[in-house]
Amino acid sequence: MTDNMMDQDEPGAAPIAGTEDDIVDDVTDFIDMKDAVEVQVDDDAPMDDEEHNNIEEKVGEDNVIQTAVPDMSTIQLKSHTDSVYAVASFIENGQLSILSGGGDDKAFMYKISGANGERSTAMTPLSHPHTDTVSSVAYNLHYVGSDPKKTPRLAAVGSYDGSIIIYDADTGTQKLKLEGPSDVEWMDFHPKGGTVLLTGSGDGTLWMFHVPLNRCMQVFVGHEQAVTAGCFSPDGKWALSASSDGTLRIWAPKTGLNKHVFRLGDAGLTCM
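Please read all numbers here as calculations on a predicted model, not as lab measurements.

1. A short note on the overall build of the protein chain
Working step 1: Secondary structure summary: the protein chain contains 1 helix and 16 strands in total.
Working step 2: Here the protein chain holds 272 residues, and the buried ones make up 37% of them.
Working step 3: Expressed as a percentage of contacts within the protein chain between residues at least 6 apart in sequence, the contacts between residues at least 24 apart total 39%.

2. Focus: the sheet that holds strand β8 (residues 174-179)
Working step 1: Judged by pairing direction, the sheet is antiparallel, and its 4 strands sit side by side in the order β5-β6-β7-β8 without closing on themselves. Either end of the sheet is taken by a strand with one partner, and the two such strands are β5 (134-139) and β8. For this sheet, the mean inter-axis angle between neighbouring strands, taken without regard to orientation, is 20 degrees.
Working step 2: When strand β6 (residues 154-159) meets strand β7 (residues 163-168), the two strands line up antiparallel, connected through 5 bridges. Considered in β7, the bridge of A156 is made with I166.

3. Things to note about the pairing of strand β11 (residues 205-210)
Working step 1: Most of β11 is tucked away: 6 of the 6 residues are buried.
Working step 2: Alternating residues of β11 divide into T205, W207 and F209 and L206, M208 and H210, and every residue in both groups is buried.
Working step 3: In textbook terms, the turn of a hairpin is the stretch between consecutive antiparallel strands, and for strand β10 (residues 196-200) and β11 this stretch comprises 4 residues, one of which, G204, has a positive phi near 90 degrees.
Working step 4: Relative to strand β12 (residues 215-221), β11 runs antiparallel, the two being bridged by 6 bridges. Along β12, the bridge assignment pairs W207 with V219.
Working step 5: Linking β11 to β12, which pair antiparallel, is a turn of 4 residues; within it N214 sits at a positive phi near 50 degrees.

4. A look at the nonpolar core
Working step 1: One finds L99, L126, V137, Y139, A155 and V157 to be the most contacted residues of the largest nonpolar core, which totals 16 residues.
Working step 2: Of all the secondary structure elements, the ones that give two or more residues to this core are β1 (84-92), β3 (107-113), β5, β6 and β7.
Working step 3: With near-sequence residues (within four places) excluded, V137 lies in contact with A86, V87, A88, L99, S100, G101, A156, V157 and M187.
Working step 4: With 14 residues, the next largest nonpolar core counts A138, L176, V184 and F209 among its residues.

How each quantity is defined
- Residues numbered from 1 in each chain as written.
- Predicted model: local features only at pLDDT ≥ 70, side-chain atom pairs only at ≥ 80, totals over all residues.
- Heavy atoms only, no water.
- Helix = DSSP H or I, 4+ residues; strand = E, 2+ residues; numbered from the N terminus.
- Buried < 20%, exposed > 50% of the residue type's maximum accessible area, 1.4 Å probe, protein only.
- Contact = heavy atoms within 4.5 Å.
- Pairing = 2+ DSSP bridges.
- Axes fitted to C-alpha atoms, helices over the stretch in contact; angles between N-to-C directions.
- Core = buried A, V, L, I, M, F, W, Y, C linked by side-chain atoms within 4.5 Å.

Take a look at the structure:
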């Protein structure tokens with residue numbers, strides 16, 4: 001035993017168990033066949049065709065039986081024929097308004113009202129014939145005041161074909177078309193009034209439009225790759241954007257100047 005090892009008899013030393021201290025489980029490690037219960041299984045019992053079909057439907061290509069996942073939704077909207085990439089919603093006076101856009105190059109507006117058992121759903125296909133994926137949708141209804149004549153109720157739909165289509169949020173009627181970006185990655189309405197729309201493009205630019213005047217107010221330049229996410233700050237004084245170039249940028253909307261750049265590494269940013 002070396003000098004730096006603690007002697008087992010030294011006060012405070014951890015006790016060392018001897019063989020007489022071993023714990024022995026005196027329970028038998030086998031099953032007494034006298035205690036076993038035999039269960040009779042009727043292998044010849046016929047299986048109903050419906051039961052057989054249900055089992056087959058749950059067996060995947062790897063012959064592993066898959067557990068069915070229960071559908072807990074209260075309503076399903078099945079207008080799209082391809083993946084859904086964008087959804088926006090707003091609830092007002094018991095009515096739920098929903099915008100959706102998808103890989104089938106289409107956008108839809110839904111109005112859902114009532115409770116279970118008495119629910120009604122109205123679906124409106126939005127009219128513009130997009131030629132590429134509808135990538136983003138947005139309502140300005142959160143920011144509309146009590147006077148809709150002063151602030152129009154708008155729904156915006158953006159696509160990878162570069163178009164931004166503005167609709168009446170209540171009727172789905174097309175109001176105008178905004179042009180500028182090469183494609184549209186996302187959209188956000190300004191919180192003060194909801195008439196200014198900010199969009200990010202795959203060409204690394206941001207575009208800010210005054211919707212009622214159908215006019216581009218500002219183009220923000222600085223990102224080196226696609227602007228994948230963005231928004232206005234809650235007070236509306238700043239615009240923020242995230243990009244595939246790994247940077248997060250803060251902009252001054254009035255001047256278009258880049259106020260700060262956060263360089264967050266080589267990995268691209270996809271959301272914010």
